[in-house]
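Residues per chain, in single letters:
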Amino acid sequence: MSEDEKPKLGLRPQLGVKRTTEVSQVKQSFSHGRTHKVVVETKKARVFRKPGDPIPASEEAEMDDVLVDAPAVEAPLPPEPPVAAPAPAQPQMPVAPPPPFVVVTDEPLNKGEPAKPAPKPVEAEAPAPVEAAPAPEPAPEPVAVEAAPAPEPEPAPVPEPKPAPVAEAPKPAPVAAAPKPAPAPPPKPAPQKPELTAVQKALQNPKLTPRERTQLMMRLAEEERLQRAEEVRIREDRERTEAAEAEAARLEEKARVEAEEAARAAEEAKRAAEAPPPPPPAAEADDDDRPRGAAPGRGPVRRAPEPAKPSRSRGDERRSGKLTINRALGDEDGVRSRSLASLRRANEKQKRSAHGGGGAAQARTSREVQVPEAITVQELANRMAERGADLVKALFKMGMPTTMNEFIDQDTAELLVTEFGHIIKRVSDSDVEIGIEGEADADEHLKPRPPVVTIMGHVDHGKTSLLDALRGTDVVKGEAGGITQHMGAYQVTLKSGDKISFLDTPGHEAFTEMRARGAQATDIVVLVVAADDGIKPQTIEAINHVKAAGVPMIVAINKMDKNGADANRVRTELLQHDIQVEEMGGDVQDVEVSALKKTGLDELTEKILLQAEIMELKANPDRMAEGIVVEAKLDKGRGPLATVLVKRGTLRAGDIFVVGVEWGKVRALVNDKGQTIKEAGPSMPVEVLGLSGVPQSGDILSVVENEARAREVADYRQQVALTKRTTAAPASLESMFAGLAEKKAMEFPVVVKADVHGSTEAIVSALNKLSTDEIKVRVLHSGVGAITESDVTLARASGAVIIGFNVRANAKAREAAHAGAVPLKYYDIIYDLIDEVKAGMAGKLGPEYFENVVGRADVREVFQAGKFGKAAGCLVTEGYIKRNLKARVLRDDVIVYNGSIASLRRFKDDVTQVEKGYECGIGLENFQDIQQGDTIETFEIEERLRQL
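All residue numbers here refer to positions counted from 1 along the written sequence of the relevant chain. Given that this is a predicted model, residues contribute local features only at a pLDDT of at least 70 and side-chain atom pairs are listed and counted only at 80 or more, while totals for whole chains, interfaces and linings are drawn from all residues. Excluded from the side-chain calculations are hydrogens and water; all other atoms, namely the structure's heavy atoms, are used.

A short note on the overall build of the protein chain
Counting its secondary structure elements, the protein chain contains 27 helices and 36 strands. In the protein chain, which comprises 948 residues, the share counted as buried stands at 38%. Across the protein chain, contacts joining residues at least 24 apart in sequence account for 69% of those joining residues at least 6 apart. Counting every atom, the protein chain has about 53,900 Å² of accessible surface; 53% of that belongs to carbon and sulfur. Only DSSP runs of H or I with at least four residues qualify as helices, and only runs of E with at least two residues qualify as strands; both kinds are numbered from the N terminus onward. Partly exposed describes any residue whose relative accessible area lies between the buried limit of under 20% and the exposed limit of over 50%, with all areas from a 1.4 Å probe on protein chains only and scaled to the type maximum. In this analysis, two residues are considered to be in contact whenever any of their non-hydrogen atoms come within 4.5 Å of each other. For the area figures, the Shrake-Rupley method with a 1.4 Å probe applies, and any residue is considered shielded solely by the protein chains shown.

Below is the structure:
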């Protein structure tokens, strides 16, 4: 077989009777001018018919695609009368008789036109219906209503007696008969004279190359598309005209029917008023008057002018001129199917109508909606159980074009909630803390609790020694330097069985915040004053803290066993600070004690219990615990630890709590003796394990119901702390100048690590106080725990010094510090730390230089010394003139030279020094412009170490 004779995909020769496959090409159009061509093969099924059966018009019109599509579109338009369409195909009918028994024909697989074969039996009287067809077209529906209940559907259109009623019915519709003959004639000549176009004739040339054939086929398809588009335009114009005429006829008929009904109603009312018995005949007369085809008992409503509906169905074929895959496959049958979007809209409309409208639905689903300060539209829709698109639509109507993911404020959310029929409940982010502290306890639930006593006073006045004497321990020996640098919490059980909880505070000036926390967390304050030392600065500060906290005070005059101890001196000095003891007519109790000799301790405990009894200290142990963090630290083996003093309730192992920005679950409780306990009641200090991080000293610990609540509160507090830390203060003139001064000042960066949070806080505060206008301490990082590799990395990047207070660096941190030459400083006593940091800051600033004037001499005469030099004859008026000293020349009190003395002579001898009142000759280095009357001033530069 040659190349030209091989069948090629996309070629479309003339169709034959026995051909079962049709090849066509479809051009698909996309956005941005893109197109795609698809070759489509249409398979057809063989249909066996008995001899004499009518052949559908579609089989006889398959000779050309243009002719196939045209009748397929127009055939469904006339339901029954348009017999004229298949009439031209009758010259082809002789094809069927030759086979005597069985006729085999091909037809498309889709069989969506069952009504087409029906008109064929009328072929004998074809000329008559051609003229009668246009007239009865407006009234096919009444005929169908009467013919439907009669014989079977196939012979229904065959009987000829039916045209008689059809001729009577078309009274209102002779107007629509005029345009109907126009579309019928065009298809007639096409099948009779199937003339081929130039392109079709060219396609029959067997010498065409595949490329030329493809181009001709594309051209042919384009011509067909343009022809179909023109046909569609003509058909749409015709349909619009018919629809307008049908609408006018419908309105005229409706007006006429309404007039008849009004007249009939008036007549019936008149008859009913005149003669009540005859209403049944009136009904019968009404039935007689109703138009033919109307159902009895339903009134004379005539719907004959309804042919406007077919125009709507024909309007769905407005795109029939476009060649699509469905049209090529023959699956559409001239009817356009509904899209998924249309079906979805119809379903939603049906649901809305089923709910009885938006108002009923809103009233039925009204609910309370919690709205925070800012909320997204989608989240608000979820809380309202509404569709997000409805909220966006409402916002658009309000003039706020937004999307579902945008945030809106509370006021806008309130408008939306109110419009949709819900009730708004305003909430804030801080509402998560509501209920954390719990409610006040009822009086019947309160039980007595031990008092909490804080011991305060100046450093080295014997506070810890006094507490050791009460507890029977020796804590002071474990403190570096013999001074307390931590805040301790202990509980003492007396011989009588009563319990007292003690808080020991440091006395050094750096631990001001610790003393303030101790005064706030206590019930009673014991102010310790040394009898041999009297009132000191930290004693005065402790008195101020006690007054600010508003707690009672007991003065313990310690060291009464020492020589020179004078208790009356202490009482007198207290009067200067408005503290009047009982012996001097006041209300403040005082007691003389000796921690070393352990004298006066019983009297001190008695007065503490007496004061507690007066205060009637009570708490409710049967509730969730609340407490205050006395101290916090990071232990290498046990993790974050916090010393907590329970204020009310009972803290048990397994409780979930929130403390500051941290949360946790109680893994273990350890008392002051190192014993593990299961629960801690009010006024009991315990060490808590199981925190997520190291809290701040002074934070409140609150037990919550579950872990989710604890996480929520902790996250909120962390966010607030972050916002407070990163939010810049409002700019002012003072802050701008302060910022400029800080930029000019030199920085001394440090990284501080300590064993407990209180020590870290005290060290940072003390270092910040060392800052001056020239140098400023910058704490890059402060924390609790050992020095780690990350601390070394931070210090190396900033050139900082790492300060460790009661902590050391681990192995990796030491290696990193050695490799990066980062200085590590370890301290155990806070004032040693402060002194060395102060010296380091002074060293970074460098020494100070001072100028001391040692002598002055007036120039009386100028002499020539050698060929080029000059010498000044001077009289020393102040101090002395010394060789090699710095010198300056003043002329009318203006410095004209600044250098040094090169030579000094008296008479003709070189000398090293000339005293006041003597004359001498002075030669200056590299300066010859000496004039009579100048003053030569000599001075020394003194270097001193800088002091902060």
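Now, onward.
Quick look at the pairing of strand S10 (residues 488-493)
Across the six residues that make up S10, a large majority, five, are buried. Whether two strands pair comes down to DSSP finding at least two bridges between them. The pairing of S10 with strand S11 (residues 499-504) spans six bridges and is antiparallel. The residue bridging Tyr 490 from the neighbouring strand is Phe 502, located in S11. Where S10 folds back onto S11 in an antiparallel hairpin, the turn is made up of five residues, including Gly 497, whose phi is positive at roughly 95°.

Details of the packing of aromatic side chains
Whether two aromatic rings pair depends on their centres lying within 6.5 Å, for rings of Phe, Tyr and Trp, where Trp uses its six-membered ring; planes under 30 degrees apart make the pair stacked, over 60 edge-to-face, and the rest tilted. In total, this model carries one aromatic pair according to the counting rule given. The interplanar angle of 25° and the centroid separation of 4.7 Å between the aromatic rings of Tyr 897 and Phe 927 together place this pair among those described as stacked. With Tyr 897 in strand S32 (residues 894-906) and Phe 927 in the loop between strand S35 (919-924) and strand S36 (935-944), this residue pair connects regions lying 30 residues apart in the sequence. Owing to a relative accessible area of 11%, Phe 927 belongs among the buried residues under this scheme.

Things to note about the side chain of Thr 650
Inspection of the secondary structure assignment puts Thr 650 in the loop between strand S17 (639-648) and strand S18 (651-652). For Thr 650, the side chain forms a polar contact with the main-chain oxygen of Pro 621, separated by 2.6 Å. Beyond its immediate stretch of four places on either side in the chain, Thr 650 contacts Pro 621, Arg 623, Ala 625, Asp 655, Glu 679, Ala 680 and Gly 681. Definition of a polar contact: a pair of N or O atoms within 3.5 Å, with one able to donate and the other able to accept a hydrogen when the atoms are protein atoms, and with sequence-neighbouring residues admitted only if both atoms are side-chain atoms.

Thoughts on the nonpolar core
Here, nonpolar core means buried Ala, Val, Leu, Ile, Met, Phe, Trp, Tyr and Cys residues that are tied together by side-chain atoms lying within 4.5 Å of each other. Counting residues in hydrophobic clusters, the biggest one holds 24 residues, and the most contacted among them are Val 453, Leu 466, Phe 502, Val 526, Ala 556, Leu 604 and Ile 608. Among the elements of the structure, strand S9 (452-457), helix H17 (463-471), S10, S11, strand S12 (524-530), strand S13 (553-558) and helix H21 (601-615) are those that each provide at least two residues to this core. When sequence neighbours within four positions are dropped, the list of residues in contact with Val 453 reads Ile 500, Ser 501, Phe 502, Leu 503, Thr 522, Ile 524, Val 526 and Ile 608. The next biggest cluster of nonpolar side chains, apart from the first, holds 21 residues, and it includes Phe 748, Ala 766, Ile 834 and Met 841.

Let's talk about the pairing of strand S26 (residues 775-784)
If a strand is regular, its side chains alternate between the two faces of the sheet. Bridge analysis of strand S25 (residues 746-754) against S26 gives nine bridges, and the strand direction is parallel. Bridging across to S26, Met 746 finds its partner in Ile 775. Each parallel crossover has a hand, and the one from S25 via helix H24 (residues 757-769) to S26 is right-handed. Seen with its strands pointing away from the viewer, a crossover is right-handed when the path leading from the first strand over the helix to the second is clockwise.

Brief notes about the pattern of salt bridges
One side-chain nitrogen of Lys or Arg within 4 Å of one carboxyl oxygen of Asp or Glu is enough to make a salt bridge. Applying the stated criterion across every chain yields a total of 41 salt bridges. Put simply, Glu 583 and Arg 571 hold a salt bridge, and the shortest N to O gap is 3.5 Å. Taken together, the positions of Glu 583 in the loop between helix H20 (567-575) and strand S14 (589-592) and Arg 571 in helix H20 put the pair 12 residues apart, joining distant regions of the chain. The exposure class of Glu 583 is exposed, given its relative accessible area of 57%. For Lys 607, the salt bridge goes to Glu 603, with nearest N and O atoms at 3.6 Å. With Lys 607 and Glu 603 both in helix H21, this residue pair falls four residues apart, about one helical turn. A relative accessible area of 15% places Lys 607 in the buried class.

Quick notes on helix H16 (residues 410-419)
Buried within H16 we find Gln 410, Thr 412, Ala 413, Leu 416 and Val 417. Angular distribution of buried residues about the axis of H16 spans 160°; they occupy a single face of the element. Structural note: H16 exposes Leu 415 and Thr 418 on the side pointing more than 90 degrees away from its buried face. On its buried face, H16 sits against strand S4 (368-371), strand S5 (374-376), helix H14 (377-384), helix H15 (388-397), strand S6 (407-409) and strand S7 (423-426). Gly 421 sits one or two positions beyond H16 and adopts a positive phi of about 85°. This arc corresponds to the set of directions leading from the helix axis out to the C-beta atoms.

Details of the sheet that holds S10
One open sheet accounts for six strands, arranged S10-S11-S9-S12-S13-S14; its pairing is mixed. Bordering the open sheet on either side are S10 and S14, each of which pairs with just one other strand. Taken over all neighbouring pairs, the strand axes of this sheet differ in orientation by 25° on average, direction set aside. Sheet analysis places S9 next to S11, joined by four bridges and oriented parallel. Across the sheet, residue Thr 454 finds its bridge partner in S11, namely Leu 503. Its contacts with the sheet put H20 on S12, S13 and S14, and the angle it makes with S13 is roughly 145°. To get an axis, a line is fitted to the C-alpha atoms, and for a helix only the part in contact is used. The angle between two axes follows their N-to-C directions and goes from 0 to 180 degrees.

Looking at the sheet that holds strand S28 (residues 824-827)
Across the sheet, four strands lie side by side as S26-S25-S27-S28; this open sheet has parallel pairing. Strands at the two margins of the open sheet, each flanked by one partner only, are S26 and S28. Ignoring which end each strand starts from, the neighbouring axes of this sheet average 25° apart. Of the strands in this sheet, S25, S26 and strand S27 (801-805) touch helix H25 (residues 789-798), which is tilted by about 175° from S25.

Section: the packing of H25 against helix H26 (residues 811-820)
As a packed pair, H25 and H26 sit with axes 8 Å apart at the nearest point and diverge in direction by 15°. Put simply, H25 runs roughly parallel to H26. Where H25 crosses over H26, the handedness of that crossing is right-handed. Together, Glu 789, Val 792 and Arg 796 of H25 and Lys 812, Ala 813, Ala 816, Ala 817 and Gly 820 of H26 make up the contact between the two elements. Polarity classes work like this: nonpolar for Ala, Val, Leu, Ile, Met, Phe, Trp, Tyr, Cys and Pro, charged for Asp, Glu, Lys and Arg, and polar for all others, with Gly in that last group. Class assignment for the residues of the contact of H25 with H26 results in four nonpolar, one polar and three charged. Any angle that falls under 35 degrees is termed roughly parallel, while one over 145 is termed roughly antiparallel, one within 65 to 115 roughly perpendicular, and all others oblique. Helix crossings get a hand from a simple test, with the near helix turned counterclockwise from the far one by less than a right angle marking a left-handed crossing and a clockwise turn marking a right-handed one.

Brief notes about the confidence of the model for the protein chain
Looking at the protein chain as a whole, the pLDDT averages 74, with 69% of positions reaching at least 70. Every residue is assigned a pLDDT by the predictor, reflecting its confidence on a scale from 0 to 100. Note that residues 358-363 has pLDDT below 50 and, in this model, six contacts with residues that lie over four places away or in other chains.

Notes on H21
With 15 residues, H21 extends 21 Å between its outermost C-alpha atoms, agreeing within 8% with the 21 Å of an ideal straight helix rising 1.5 Å per residue. Positioned one or two residues after H21, Glu 616 has a phi angle of 50°, which is positive. In this analysis, the expected span of each helix is defined as 1.5 Å times one less than the number of residues it contains.

Looking at the environment of Val 570
Within the secondary structure layout, Val 570 lies in helix H20. Linking Val 570 and Ala 531, residues 39 residues apart in sequence, is a C-alpha distance of 6.5 Å. Those residues in contact with Val 570 that lie beyond four places of it in its chain are Val 529, Ala 530, Ala 531, Gly 534 and Ile 557.

Remarks on the environment of Val 555
Tracing the backbone shows Val 555 in strand S13. Val 555 gets classed as buried once you look at its relative accessible area, which sits at 1%. Sequence separation between Val 555 and Leu 527 is 28 residues; the distance between their C-alpha atoms is 4.8 Å.

What about unusual backbone geometry?
Its identity as a non-glycine residue notwithstanding, Ala 385 has a phi of 60°, on the positive side. Judged by relative accessible area, which is 48%, Ala 385 ranks as partly exposed.

Observations concerning the environment of Leu 466
Inspection of the secondary structure assignment puts Leu 466 in helix H17. The buried category is assigned to Leu 466, whose relative accessible area is 0%. As a C-alpha pair, Leu 466 and Leu 596 span 130 residues in sequence and 7.9 Å in three-dimensional space. Beyond its immediate sequence surroundings of up to four residues, Leu 466 is in contact with Val 528, Ala 556, Val 593, Ala 595, Leu 601 and Leu 604.

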